[in-house]
Structures are given as C-alpha cells and as structure tokens.
Amino acid sequence: MKICGRFLRFVLLMAVSYAVVYRLLWPLTFNAIGLSADGKNKTSYVFPPTNRPKNKPEQPDEDELNGFIYLVQTSKCLPKHFLNEEYFGNKTLCECSVIVLSFRERCQYSPLPPHIQYEYIKNISWTRGRNFLVQRAKEQNNNYQYYVLLDDDIRLSFNDFTPKYMKNTSPLRAFETFLKQHEPAIGVTDYDVHHGAKIIVSKRKKLCKNSGAEKPLYLPTVHFDASFNAFHYKTLDYLLPYITTYDNQCWWHAQRYLIAKAEIIFRGQSVLFAPVHTSNPVHSEYPKDDRNSQQIWSFFVDTITEEVPRQYRNESFLREFKKDPKHYTENSLTVCLDLPAHTRIEPFQHFYWRFGWDKLIRISYFFICWNFYLVNVHILIHTKQFGYQEN
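Residues numbered from 1 in each chain as written. Predicted model: local features only at pLDDT ≥ 70, side-chain atom pairs only at ≥ 80, totals over all residues. Heavy atoms only, no water.

### Focus: the pairing of strand β6 (residues 186-191)
β6 sits mainly inside the fold: six of its six residues count as buried. Pairing geometry for β6 and strand β8 (residues 228-232), over two bridges, is antiparallel. Across the sheet, Ile186 pairs through a bridge with Phe231, a residue of β8. Where β6 and strand β9 (residues 270-279) come together, six bridges link them in parallel fashion. (Buried < 20%, exposed > 50% of the residue type's maximum accessible area, 1.4 Å probe, protein only. Helix = DSSP H or I, 4+ residues; strand = E, 2+ residues; numbered from the N terminus. Pairing = 2+ DSSP bridges.)

### Topic: the state of the cysteines
This structure, assessed with the given rule, holds three disulfides. One disulfide bridge connects Cys77 with Cys107, the sulfur atoms lying 2.0 Å from each other. Judged by the sign of its S-S torsion, about 110°, the cystine formed by Cys77 and Cys107 is right-handed. Remark: Cys107 occurs in the loop between β2 (96-102) and β3 (116-120) and Cys77 occurs in the loop between β1 (68-74) and α2 (91-94); sequence separation between them is 30 residues. The exposure class assigned to Cys77 is partly exposed, which follows from its relative accessible area of 24%. Classification of Cys107 as buried rests on a relative accessible area of 15%. The disulfide partner of Cys94 is Cys96, and the gap between their sulfur atoms is 1.9 Å. Where Cys94 bonds to Cys96 through sulfur, the torsion about that S-S bond is close to -70°, and the disulfide is left-handed. Judged by relative accessible area, Cys94 falls into the buried class, the value being 0%. In the protein, the cysteines engaged in disulfides, taken in order along the sequence, are linked 1-4, 2-3, 5-6. (Disulfide = S-S within 2.5 Å.)

Structural data, given as structure tokens:
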C-alpha cells in the first residue's frame, strides 16, 4: 500500500507538472516567432526598409478565394498559344483572370477575352513590371488564392514524372490542381536548365535519410527559376515586391533576393511540382553583369536575417547560407522537408518546428528528472516524519 500510494503521488505530480509546463510553453512557443497562441500573425514584415508596411493587411476568408490570377509581361501581345484552352483561352476551365503588361507597343488585339486585360508601360524593367502587375492585381480585390507570375516565352509540358492519369488534362490545369490540393507557399515546376526535379531527387538520395519515391509528385526546393512562380496570397506581403536596386546591373539578383526570403521566412514551403515541366527557349537581352554575385547574395541573407526573431538569428543554416549562398542552395537539407499538404502558411514557423521538437524534448527530459528528484525528497521526508522503517 505504501508503494502504491507513493506511485500514485508520483503520477499526480508528473501530471500537474506537465500541465503547468504545457500551459506556460504553448503561448511562449508561438510568441517566440511572432504568433499568438490562436495562430494569428504578429510578426514584422520582411521588406526593404522603405517598403515595410506598418499594419498587417486584411486577409480574405478561405471560402471567398477566387482561383488564380496570371501576371505576364510581353513586348506587345500575348503569344497565341496562351489563348488556347490549355492555357488562358477559356475562363471557365482556368478559373482565372489575366493581366498582361506590354512594354514596347500597345496591344490592339480584338476581340479581347473579358478575363484578359492589358496594361502598357514603355520600356519598363522586368522587376518593376512584375511589381506593377502584382499591385494592379491587388487593387482588383478579387481575393485570388494564387498570384502566378510568368514570362511570355514559357511553354508547359508533361515529363517522365507525370503519372498516366494526369495526362487526361493539360499541364497548366494539372498545376492548378496541385496548387489547390497541396497549397504550398510558393509553387514552381520542373525546369529544363537548372534545379529541376531530377536534380532534386538526386540531392535527396545524397542528403536525406529517407529520400522517398523515385518519381515523386512534390519536391521541396530552395533555388528555383523565375520564369513561372505561383505565390500564395498569404506570402505576398512577405516576399514581394521584387527589389529593383540592381536593375541596371543584373536582373538575376532580384530572384536571388526572393529565394533568400522564401528560404528564411517559409523554409520547406517552396514546392516543385515534378510532373509539369517549364521551358523557355527564347531568351531576350537584359543586364547580366554577375560580378560579386556571392557577396551580394550574402548581403541579402544578412539583411533578411535581421527580421528573424532574435533567438533564432544564430541558427546554423542561416550562418551557412550567409557564408556561401551558392553552396547552401545546392546542398541545403531543406530538400528533405516533406511537409504535408495544406501546411499552415505563417512566417518563420519552421523555427517553431525546431522548438516544438528539439527543445521541447530537452525541456521534457529536464522536468522528468526534476520530478524524480521531488518524489525522492517527498518519500524521504514522509518516511522520517512518520517513522517508517524497513523490516
């Protein structure tokens, strides 16, 4: 009976201790990354200093979201293949709106489909053009779920990763289905030049304990081309606008800055949809002076890190990213983060995952040891007080 009573007291003490710890640590865990315990965002925005919004923008209800808006820049009019049903020709099939920015001549296309509208700004740069399109799309207040930014020379196709059942639809419809069913922070496709699906699969075999299927549908990615990117509406105020500082030097820097922000703020939530392949065989002339690219990219990482919650700014992956951005993007363990579909899109929450597993395990171990200590002290005092002696 004595032993039974002591055991019950031990169990009760353990339960009370864990209840207290859970109650104290749960809100602290969220507050550490700028979230309240109910999941509402309280974090500052990551922007160049002149563009940081003071207040959190209002978010639409999930039931009010209206599909996709495609934002394209072109010299005059959309290439004809974009007007086919496989792309944007049928509004019902694509559940979309399209804004086209002409930068050399005005488009006089007629008749113009009602869901496609044209804008014209002569000789605008690639980054400023994309920023203009995003701002114009926001002004429409149509609650789009994804803002898809693409170049006018791209073509989508299926590849070796495409299952047979998926080929009953077009590549763009398959990609839209992926966005709705998986809901990544950023959705991209396989690409024919660099950082494509085959390369990531090879990296996962080298870097990950569980590399997964030989031909997966979804792959976490770090470095992705700018030719076709889909941004969830919850990410816009953290990832965009593009920086325009290097427009006269090298346009690649704007995408590098975006990649750094995506990796630091939404790590693991940039997802490559392997079955759809993007190619852009036509390359126009634009600034490509890539000297000092590593130093510039490292500066980007350092600048964005200042917005990370203070207790996480010395994380090893941030130090590695800053030290050698190119090596980091080629060897990051981010490609091993197989997150489930509809993972909540909140800034910096990957730091919470670290807290919720590694640190909470260590804290739990500490309290287990502490509880054993308290129980032993309690038994000792109880024994002396009542004069219990072993037979």
